[in-house]
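For reference, the chains in residue letters:
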Amino acid sequence: MWAATGDMPVYQIRTPASSLPQGVVVSPSTNNLHNPQIMAEEVTRKRELRLLKNREAARECRKKKKEYVKCLENRVAVLENQNKTLIEELKALKDLYCHKTD
DNA sequence: ATCAGTCGGCGTCACTAGAG
DNA sequence: CTCTAGTGACGCCGACTGAT
């Protein structure tokens, strides 16, 4: 996940596409080993399932990221307010101290 | 009205980390 | 080692906006 600083992980380097589509695992069951049509259907089914799952995962991931960013923005707002309050408090104390020493 | 630029969301692919 | 979930990167699309 992302660091508390708001950094995103950076570790991905793209390479040219591999020969097989993503998520396709060629492991035919013994029954279908010699039936090319069934094998092809199995490959297609697995690919579609993988795509469906990845689609949902991507949706979830984006939602999570949006919430994370919103959370960071809220934190910024809170800290800015705190900072403002502290600056005013410091100013008031300084004034008080000046008048005391007059 | 239309054209170009920008933005946000989506689907997909490539890749990694972690679980089993 | 293999499988799966999570996520960055990329390309596409539709909505919106300002300039002409």
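Cut-off values and rules
Residues numbered from 1 in each chain as written. Chains lettered and ligands numbered in written order. Predicted model: local features only at pLDDT ≥ 70, side-chain atom pairs only at ≥ 80, totals over all residues. Heavy atoms only, no water. Salt bridge = Lys/Arg side-chain N within 4 Å of Asp/Glu carboxyl O. Helix = DSSP H or I, 4+ residues; strand = E, 2+ residues; numbered from the N terminus. Buried < 20%, exposed > 50% of the residue type's maximum accessible area, 1.4 Å probe, protein only. UniProt positions renumbered as here; feature names shortened; annotations may be inferred. Disulfide = S-S within 2.5 Å. pLDDT = per-residue confidence, 0-100. Contact = heavy atoms within 4.5 Å.

**Here's the deal with the pattern of salt bridges**
Then step 1. Under the criterion given, the structure shown has two salt bridges.
Then step 2. Between Lys-46 and Glu-42 there is a salt bridge; the shortest N-O distance is 4.0 Å. Placement of the pair is Lys-46 and Glu-42 together in helix 1 (residues 36-101), with a separation of four residues, close to one helical turn.
Then step 3. Look at Lys-46 and you get partly exposed, because its relative accessible area is 24%.
Then step 4. Classification of Glu-42 by relative accessible area gives partly exposed; the value is 28%.
Then step 5. Taken together, the shared-partner salt bridges connect Glu-42, Arg-45 and Lys-46 into one network.

**Some thoughts on the environment of Val-43**
Then step 1. Summarising the element assignment, Val-43 is placed in helix 1.
Then step 2. Overall, Val-43 belongs to the partly exposed group, its relative accessible area being 31%.
Then step 3. Between the alpha carbons of Val-43 and Lys-94 there is a distance of 75 Å; along the sequence they are 51 residues apart.

**Points about the UniProt feature "domain: BZIP" (unreviewed entry) in chain A**
Then step 1. Summarizing the sequence annotation, UniProt attributes the feature "domain: BZIP" (unreviewed entry) to residues 44-95 in the numbering used throughout.
Then step 2. For residues 44-95, the end-to-end C-alpha separation is 76 Å, with 100% helix and 0% strand making up the annotated structure.

**Side note on the UniProt feature "coiled-coil region" (unreviewed entry) in chain A**
Then step 1. Those places that UniProt annotates as "coiled-coil region" (unreviewed entry) correspond, in this numbering, to residues 62-96.
Then step 2. Helix makes up 100% of residues 62-96 and strand 0%. Its end C-alpha atoms lie 51 Å apart.

**Things to note about the state of the cysteines**
Then step 1. Following the criterion strictly, the structure yields zero disulfides and no others.
Then step 2. Cys-71 takes part in no disulfide bond, and the closest cysteine sulfur, belonging to Cys-61, lies 16 Å away.

**Some words on the confidence of the model for chain A**
Then step 1. When pLDDT is averaged across chain A, the result is 75; 65% of the residues are at 70 or more.
Then step 2. pLDDT under 50 marks residues 3-30. Its contacts with residues more than four places away, or in other chains, come to 21 contacts.

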